[in-house]
Amino acid sequence: MLITNNLYFSCQVIIMFITCISCSQNADKVLLKKLTIENTLTRLKSGDMQYYYAKYKDSTGQELSEDLKKKLTAGQLKREFYVNKSDSIKEIRVSELKDDEDILNEIQLRSAMGFPMKNFPFEKVNCKEISEKINNSINKDQEARTLEANKENIINIDKVNKNLIISIIEKCGWSSIDTSQVNDVFLLIQHMESEYMARYYPVFLEFHKKGSLSNLNYARMLDRLLMNNGFEQIYGTQIVDQSFYTIRDAENVNIRRQKLGLDSIEEAAKSFGFEYREN
């Protein structure tokens, strides 16, 4: 009888132990909290690398199917970051991209996850004397392209401008830049790698809402971000090999352009020296 009781007691302990582990694991899942896109970007931009160790799951927290793995690799899914009760990033859940907001959020995440500011060669800048420096930078940028300077010269000018402009933004802040120079700063940034425009996309978006960023540059910003990340452009501002890069819903592109006060796509094509033909 004693042996039987001991065996019964041991079994009960094992069952309770297994149950506790199971409850703990389930509790961890329940306690996971989704970060907003703003919070996620803030953490990534500050250098949070915890996502390296996070597990990728589907939108319900289950293992990824082979189809989702392929779409994730192809950059066709959006990501949402989840933290545990210790505020550590534990899961990245993926789902289908539904609209432009999803796409642009994903583009920003791709940029932040690459940590473009890591080891950046920041320059010393006097935050009270940046207006002239911006003027000099945009003049060199436009002059090089107007005079059709050789490619190597343009690359060198873009590199010098990038180091200066990024240093001004990161060290002095956007408030130090006169709103009359916002479009010049945009033109300089659009000639940098895409991750820098993605980093400053929310700022330029606010400048556009306030009227400081022109409608044309707003369209350029969206189209370039989409093109550089493998998505179709919206307004038809980006040219590849004397033709428009693929335009989404091309038959309605002039309606979208008209809303921004832009010339028709046919007129835009003529200004670039070719005839527009719908894809």
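This text goes with the structure placed above it.
Residues numbered from 1 in each chain as written. Predicted model: local features only at pLDDT ≥ 70, side-chain atom pairs only at ≥ 80, totals over all residues. Heavy atoms only, no water.

Once that is clear, we can look at the packing of aromatic side chains. Evaluation of the coordinates by the stated rule reveals twelve aromatic pairs. Seen in terms of ring centroids, W174 and Y200 are 5.6 Å apart; in terms of plane orientation they differ by 75 degrees. Their pairing is edge-to-face. Here Y200 lies in helix 8 (residues 194-209) and W174 lies in the loop between helix 6 (151-172) and helix 7 (182-190), a separation of 26 residues in the sequence. Across the pair, exposure class does not vary: W174 and Y200 are buried alike. A network of ring pairs unites the aromatic residues W174, F186, Y200, F204 and F207 as a single cluster. (Phe/Tyr/Trp six-rings, centres within 6.5 Å; stacked < 30°, edge-to-face > 60°. Helix = DSSP H or I, 4+ residues; strand = E, 2+ residues; numbered from the N terminus. Buried < 20%, exposed > 50% of the residue type's maximum accessible area, 1.4 Å probe, protein only.)

What follows concerns the layout of surface pockets. Counted as a void, the largest pocket has a volume near 480 Å³. Taken together, 21 residues line the largest pocket, and the ones lying closest to its centre are L216, R220, T237, I239 and F272. Secondary structure elements with two or more residues in the lining of the largest pocket: helix 5 (131-146), helix 7, helix 9 (215-228) and helix 11 (265-271). A class-by-class count of the residues in the lining of the largest pocket yields seven nonpolar, eight polar and six charged. (1 Å grid on protein atoms, 1.4 Å probe; cavity = no way out; pocket = protein on both sides within 12 Å on 5 of 7 lines; lining within 4 Å. Points joined across faces, edges and corners; volume = space filled by probe spheres on them. Nonpolar A, V, L, I, M, F, W, Y, C, P; charged D, E, K, R; others polar.)

With that out of the way, let us pick up the side chain of N84. Structurally, N84 can be placed in the loop between strand 3 (77-83) and strand 4 (89-96). Only 2.9 Å separates the side chain of N84 from the backbone nitrogen of S86, close enough to count as a polar contact. A distance of 3.0 Å separates a polar side-chain atom of N84 from the backbone nitrogen of S88. (Polar contact = N/O pair within 3.5 Å; in protein donor to acceptor, adjacent residues only side chain to side chain.)

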